[in-house]
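Notes for the structure review
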Amino acid sequence: MENTEIRVRYAPSPTGMQHIGGVRTALFNYLFARSQGGKFILRLEDTDRTRYDEKFVKNLYDTMAWLGLDWDEGGDKGGPYGPYVQSERFELYKKYAYELVEKGEAYYCFCDAERLERIRKIQTENKMAPGYDRYCRNLTPEEVKANLTAGKSYVIRLKVPLSGETKFHDHLLGDIIWKNEDISPDPVLLKSDGFPTYHLANIVDDHFMKITHVMRAQEWIPSTPLHVQMYRAFGWEHPEFCHLPMVNGKDGQKLSKRHGATSVNEFRARGYLPQAIINYVAMLGCSYEDGKDMYTLEELCRGFKIEHLNKSPAVFDYKKLEWYNGQYIRLLSDEDLYKCALPFITGTGDALLPVNVTDEFPAPHDGPEYSGIALGNDGEPYCADASMNMTSADVKDALMKLMPLIRERLHYLTDAAEMVHFLFTEPAVPPLSDIIPKKLDAAKTREVLEKAKDFIRSLPGMEHEAAEELARSTAESMGIKMGDFMMPIRMAVTGSRVSPPLIGSILILGVDRSLARLEKTLKVF
C-alpha cells in the first residue's frame, strides 16, 4: 500500500461505556494516523441491537472530546465514505453477502435453531470442536431453490477452505500462519433477519472506507484468518494488520473492574486529568526515542512509530498513573486548577459520575460534605454554612488564594475538597489523640499550642522562608522536632491532617480566626 494515504479507524460497539483498553486502541490509531499525515476515522459498529443504547454513543463522543482525540471522518462529522454507522449500511452488507453466494464463496443455510442446538449438544458430549457441521454446504442447487421457493428461513454462511493454510503479516508479531481447518467452520455472514454479523460488516466497511491499517487488540488474532479469507473471497486486498499487546493488571490477568477503575468515566469521577490519561496510556506497550516521561499529545503524535510497540502485554500501574496525574496538576495555572477542581469541590459535573468502590479504591471524598462549598444555580460557588457570612465572591477569592497552596499536594482533583474545607466551615475540635503527636504528651502539646499564639501573630508580612525558620527555631527552643511543633497547630487551625501548607493556610484564614481556633482547642486540655 505504498504511496497510499494512511487511513485507520476506531470502531467501537456502543454496547457499554468506553474503557481504558478501548481508549488505548483509539489512541494508538490516532497517533499513527497523525504521525503519518493520515486520517483517523470514527465508526460505530452498532449491529448488536440487543445491547445498543444511545447513552453509550453519547459516552463515546464525550470521552473522545474529553481526551482531545479529534477524528477526521465519521460520527457526527460525516465524510466521503459514509454513512459511518453500520445500522445505516444494511443494504450494502446484503448486496455483498448475496454477491458471495453468486460467486460460490458463500451459501444459504436453512438449518433451524433446533438442529443447531442438537449439533452443539453432540459436540459437547463427545468433546468435539464446536462449530457448524457444514450440512447445507452440500445442498444441491435444486434443494436450495426448493427451500427458497417454500419461503424457508435462512442465513448466509461463508465457505471457508477445508484444507490449506491462511497466512498474513502482522507489523508487531511478524508472519502468522493459521490452518484453515482451525478457522471457525463456515461462520454466518448474514443473519435470518437480514442483519449482518460483525465479520461481514467489518470487512465491507474497512474496504469501502479505504482503511489501510487495522490496529486492534491481540484478542482479535483468531478472527484475522477468517477476515483474510473473506477478503480473498471478495477479491479485495486486505489492509495491513497490527495487533496491539494486551493491557493486564499487576496479577497478569486482563485489566478489569477487580483491578480498580477501568471505564474512562470512572477515571474522570476520581479526579484524573485527560493529559495524564493520554500520556500514561500512550506509553503502555510503546516507547519513544527521546525517553522522556512526559509528552504533550502533539509530541506523542510526532514521535509514535509502530516499530516501537512492544510484543508483550503491558501492565497497568495505578501508582504510576497517579504520579502522572500529580505532575500534570502541578502544571496547571491557578485559574485552570480552579476550573478543574471546582466540580469536585462542589460535587457537580464529573464528580457525579459513578465509581466502582473497593477497599483498595474507596469512594472519593468530594462535594459540599467534605468541602463546605456548593454550586448555585448561577454556576457560582457558595458557602454551605450561611453562618460563615461569605458571599460567592468571597468564596471564589478564597479558593483562588488556596490554589497555589494545594497544587503541590494534590494527587487527584478529588483531594481538593477536604483540603479547602477548613476555610469554609468552623471545624470541631479533634480528639486529643489526634492532636497530641506520638512523641509528646498532653502537657507538652499544650505548651506547643501556647507558643503557637506568638508564632501565628508574627506571620503577617513575613517571607515564607523566614516563617519556616521561625517555626524551626521555636521547635528547637522547646526541645522538639519541627513536625511535632506544627502538627498540633495544624489540627487546631484546620481540624484535619489533610490541609494545604500550614503557614499559607493560616495567612488565608487570618490571624484572628486562627487564634480563635487555637483558644478553642486549648480548652479541651
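The text that follows walks through the structure, step by step, so that each part is easy to find. Here the structure is a predicted model, which means the values were calculated and not measured.

**Some remarks on the overall build of the protein**
Helix and strand counts for the protein stand at 21 helices and 14 strands. Against the globule reference of 24 Å for 525 residues, the protein gives a C-alpha radius of gyration of 31 Å, more extended than a compact globule. Judged by the C-alpha coordinates and their principal axes, the protein covers about 105 × 50 × 50 Å. Buried residues in the protein amount to 50% of all 525 residues. Of the contacts formed within the protein by residues at least 6 apart in sequence, a portion of 74% connects residues at least 24 apart. Entry remark: accessible area of the protein is about 24600 Å², with carbon and sulfur atoms responsible for 51%. Distance between charge centres in the protein, computed from 65 positive and 76 negative side chains, equals 3 Å.

**A look at helix α20 (residues 502-509)**
Of all eight residues making up α20, six are buried, and the element is well covered by its neighbours. Three or more residues of α20 are buried, namely Leu502, Ile503, Gly504, Ser505, Ile506 and Leu509. Buried residues along α20 sit against α14 (392-406), α17 (442-458), α18 (464-477), α19 (482-494) and α21 (511-522). Two residues or fewer past α20, Gly510 is found with a positive phi of approximately 105°.

**Observations concerning the side chain of Glu45**
In this structure, Glu45 sits in the loop between β2 (39-42) and α2 (54-67). Given a relative accessible area of 6%, Glu45 falls into the buried group. Ignoring any residue separated from it by four or fewer positions in sequence, one finds Glu45 in contact with Ala11, Pro12, Ser13, Pro14, Gln86, Tyr198 and Asn202.

**Remarks on empty space enclosed by the protein**
Summed over the entire model, instances satisfying the criterion amount to one cavity of 30 Å³ or more. Reported here for the largest cavity is a volume of approximately 40 Å³. If you trace the largest cavity, you find it lined by Pro427, Ala428, Val429, Pro430, Met491, Ala492, Gly495, Arg517 and Lys520. Those elements that provide at least two residues to the lining of the largest cavity are α19 and α21. Across the lining of the largest cavity, the residue classes break down as six nonpolar, one polar and two charged.

**Concerning the packing of α18 against α19**
At their nearest, the axes of α18 and α19 sit 8 Å apart, and the two run at 110° to each other. It follows from the interaxial angle that α18 and α19 lie roughly perpendicular. Residues Glu468, Ala471, Arg472, Thr474 and Ala475 of α18 touch α19, and the partners they reach there are Met482, Phe485 and Met486.

**Here's the deal with the sheet that holds strand β3 (residues 73-74)**
One open sheet accounts for three strands, arranged β1-β2-β3; its pairing is parallel. Lying at the two open borders of the sheet, with one neighbouring strand each, are β1 (7-10) and β3. Examined bridge by bridge, β2 and β3 share two bridges and lie parallel to one another. Note on β3: the bridge partner recorded for Ile41 is Glu73.

**Some remarks on the pattern of salt bridges**
Per the counting criterion, the structure on display carries 38 salt bridges. Put simply, Asp62 and Lys58 hold a salt bridge, and the shortest N to O gap is 2.7 Å. Of this pair, Asp62 and Lys58 both sit in helix α2, four residues apart, roughly one helical turn. In this structure, Arg115 and Asp133 form a salt bridge, with 2.6 Å as the shortest nitrogen-oxygen distance. Here Arg115 is found in helix α4 (residues 113-125), whereas its partner Asp133 is found in the loop between α4 and α5 (141-149), with 18 residues between them in sequence.

**Brief notes about the pairing of strand β5 (residues 155-158)**
On β5, burial covers both faces: Val155 and Arg157 on one face and Ile156 and Leu158 on the other are all buried. When strand β4 (residues 106-109) meets β5, the two strands line up antiparallel, connected through four bridges. Bridge pairing in β5 places Tyr107 opposite Arg157. In this sheet, strand β8 (residues 188-190) lies alongside β5 in antiparallel orientation, the contact comprising two bridges. The residue bridging Ile156 from the neighbouring strand is Leu190, located in β8.

**Concerning the nonpolar core**
Among the nonpolar cores identified, the biggest contains 107 residues, and Leu31, Phe304, Phe316, Leu399, Phe424, Phe485 and Ile489 are the most heavily contacted of them. Ranked by size, the runner-up nonpolar core spans 33 residues in total, among them Leu190, Ile203, Ala233 and Trp236.

**Concerning the sheet that holds β4**
One open sheet holds the three strands; their spatial order is β4-β5-β8, and the pairing between them is antiparallel. Strands at the two margins of the open sheet, each flanked by one partner only, are β4 and β8. Along the sheet, successive strands turn relative to each other by an average axial angle of 45°, direction set aside.

Rules of the game
- Residues numbered from 1 in each chain as written.
- Predicted model: local features only at pLDDT ≥ 70, side-chain atom pairs only at ≥ 80, totals over all residues.
- Heavy atoms only, no water.
- Helix = DSSP H or I, 4+ residues; strand = E, 2+ residues; numbered from the N terminus.
- Rg over C-alpha atoms; globule rule 2.2 N^0.38 Å.
- Buried < 20%, exposed > 50% of the residue type's maximum accessible area, 1.4 Å probe, protein only.
- Contact = heavy atoms within 4.5 Å.
- Areas by Shrake-Rupley, 256 points an atom, 1.4 Å probe, with all protein chains shown as cover.
- Lys, Arg positive; Asp, Glu negative; His and termini not counted.
- Charge placed at Lys NZ, Arg CZ, Asp CG, Glu CD.
- 1 Å grid on protein atoms, 1.4 Å probe; cavity = no way out; pocket = protein on both sides within 12 Å on 5 of 7 lines; lining within 4 Å.
- Points joined across faces, edges and corners; volume = space filled by probe spheres on them.
- Nonpolar A, V, L, I, M, F, W, Y, C, P; charged D, E, K, R; others polar.
- Axes fitted to C-alpha atoms, helices over the stretch in contact; angles between N-to-C directions.
- Parallel < 35°, antiparallel > 145°, perpendicular 65-115°, else oblique.
- Pairing = 2+ DSSP bridges.
- Salt bridge = Lys/Arg side-chain N within 4 Å of Asp/Glu carboxyl O.
- Core = buried A, V, L, I, M, F, W, Y, C linked by side-chain atoms within 4.5 Å.

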